[in-house]
Amino acid sequence: MSGFSVVRVALALLVMACAPALNAAVTVASLEALALEERQTRDHHAALALAFQSEDKPGPAAEALAVFDQLPGAASPVDLDPVRKWIRTKSVEEYKAAVAFREKQDNASAVKSYLRAIMLDPAIQARDDHGLLDLASSSLDSAVAKKKDDSKLRFKHALVQYQFGRIPEAEASFAAYLAIEKSPYYAWRGGVWHSRVKAE
């Protein structure tokens, strides 16, 4: 990681600490504008997670932390435990919303909330799924079948398969995702996940 990159990430962290609500969007844009090699670091993903928390975007924050956890390197220069706790809290909120929607027989909304809950914290699956796991899986399978070239949807499908513990399906879905993803950064990120899945 270059010295310039270290300074940029450090500055981003300092800016967020001083005025999170005001500067979060600017910080995210600045981080995402960095060169690819600078984005492939733990510091970058730690800063992203903090920025997304400031923007109240738990999904992207959770994705950034998940990549952070898979990359080698020194510990983060900042404490990420509050971000992790916040993400877990958001996951519980989504789970409760999913159950409430399920009780109202609004299965479409229930599935969306349940998938968001799992993407935030896979451990939420330890709770009673109220039949939502199978519904969510079939719904996502159907969506991917209709939009095979939608890279964002394919990535979500692959990640959810992994979170469900369906390793062969996840590996195949990540491979399909990598075949259509055109962004160098997102292709690299998908490769990080694909390598993890293949190693299990």
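Note that this is a predicted model, so its numbers are computed, not measured.

J.: For this particular structure, what's the right way to read the packing of aromatic side chains?
T.: For any pair of aromatic rings, the description rests on two quantities: the centre-to-centre distance and the angle between the ring planes. Applying the stated rule across the entire model yields six aromatic pairs. Judged by centre distance (5.8 Å) and plane angle (65 degrees), the ring pair of Y162 and W193 falls under edge-to-face. Remark: W193 occurs in helix α11 (residues 184–198) and Y162 occurs in helix α9 (residues 151–163); sequence separation between them is 31 residues. Pairing F174 with W193 gives two aromatic rings, centres 6.4 Å apart and planes at 5 degrees, and the pair type is stacked. Separated by 19 residues along the polypeptide, F174 in helix α10 (residues 167–180) and W193 in helix α11 bring together distant segments of the chain. The pair F174 / W193 is uniform in exposure class, with both members buried. Joined through ring pairs, the aromatic side chains of F155, Y162, F174, Y177 and W193 make up one cluster. Note that R39 overlies the ring of Y185, its terminal NZ or CZ placed 3.9 Å from the centroid. Over the ring of F155 we find R189; its NZ or CZ atom is 4.0 Å from the centre of that ring.

J.: Any chance you could explain the layout of surface pockets here in plain terms?
T.: Empty space among the atoms can be located by rolling a probe the size of a water molecule over them. Looking at the largest pocket, its volume works out to about 1,200 Å³. Along its surface, the largest pocket is lined by 45 residues, and G59, P60, E63, M119 and L159 are the ones closest to its centre. Contributing elements (two or more residues each) for the lining of the largest pocket: α4 (42–54), α5 (58–70), α6 (81–103), α7 (107–120), α8 (132–146), α9 and α11. The biggest single contributor to the lining of the largest pocket is α5, with ten residues. Grouping the amino acids of the lining of the largest pocket by side-chain chemistry returns 25 nonpolar, five polar and 15 charged.

J.: Just checking my understanding: could you explain the pattern of salt bridges for this structure?
T.: The final tally for this structure, using the stated rule, is seven salt bridges. Measuring nitrogen to oxygen at the nearest pair gives 2.9 Å for the salt bridge that ties R189 to E63. Of this pair, R189 sits in helix α11 while E63 sits in helix α5, and the two are 126 residues apart along the sequence. Look at R189 and you get buried, because its relative accessible area is 8%. E200 serves as the salt-bridge partner of R196, at 3.8 Å between the closest nitrogen and oxygen. According to the relative accessible area criterion, E200 is exposed, its value standing at 55%.

J.: Even after reading the chapter, I still don't get the environment of K90, so can you show me in this structure?
T.: Secondary-structure assignment places K90 in helix α6. Sequence spacing of K90 and D121 is 31 residues, and the spatial spacing of their C-alpha atoms is 8.9 Å.

J.: Please clarify how α7 should be interpreted in this entry.
T.: For α7, spanning 14 residues, the distance from its first C-alpha to its last is 20 Å, which sits close to the expected 20 Å at 1.5 Å a residue. Among the residues of α7, A110, V111, S113, Y114, L115, A117, I118, M119 and L120 are the ones counted as buried. Where α7 is buried, its residues meet α5, α6, α8 and α9.

J.: Can you walk me through the nonpolar core in this structure?
T.: Within soluble globular proteins, side chains that are nonpolar tend to cluster in buried spots. Core analysis: the biggest nonpolar cluster contains 55 residues, and L48, L80, V83, I87, Y114, F174 and W193 have the highest contact counts within it. If one sorts the elements of this core by residue count, α7 sits on top with eight residues. Leaving out residues up to four positions away in the same chain, Y114 has contacts with Y95, A98, Q125, D129, L132, L133 and A136.

How each quantity is defined
- Residues numbered from 1 in each chain as written.
- Predicted model: local features only at pLDDT ≥ 70, side-chain atom pairs only at ≥ 80, totals over all residues.
- Heavy atoms only, no water.
- Phe/Tyr/Trp six-rings, centres within 6.5 Å; stacked < 30°, edge-to-face > 60°.
- Helix = DSSP H or I, 4+ residues; strand = E, 2+ residues; numbered from the N terminus.
- Buried < 20%, exposed > 50% of the residue type's maximum accessible area, 1.4 Å probe, protein only.
- Lys NZ or Arg CZ within 6 Å of the ring centre and 35° of its normal.
- 1 Å grid on protein atoms, 1.4 Å probe; cavity = no way out; pocket = protein on both sides within 12 Å on 5 of 7 lines; lining within 4 Å.
- Points joined across faces, edges and corners; volume = space filled by probe spheres on them.
- Nonpolar A, V, L, I, M, F, W, Y, C, P; charged D, E, K, R; others polar.
- Salt bridge = Lys/Arg side-chain N within 4 Å of Asp/Glu carboxyl O.
- Expected span 1.5 Å × (residues − 1).
- Contact = heavy atoms within 4.5 Å.
- Core = buried A, V, L, I, M, F, W, Y, C linked by side-chain atoms within 4.5 Å.

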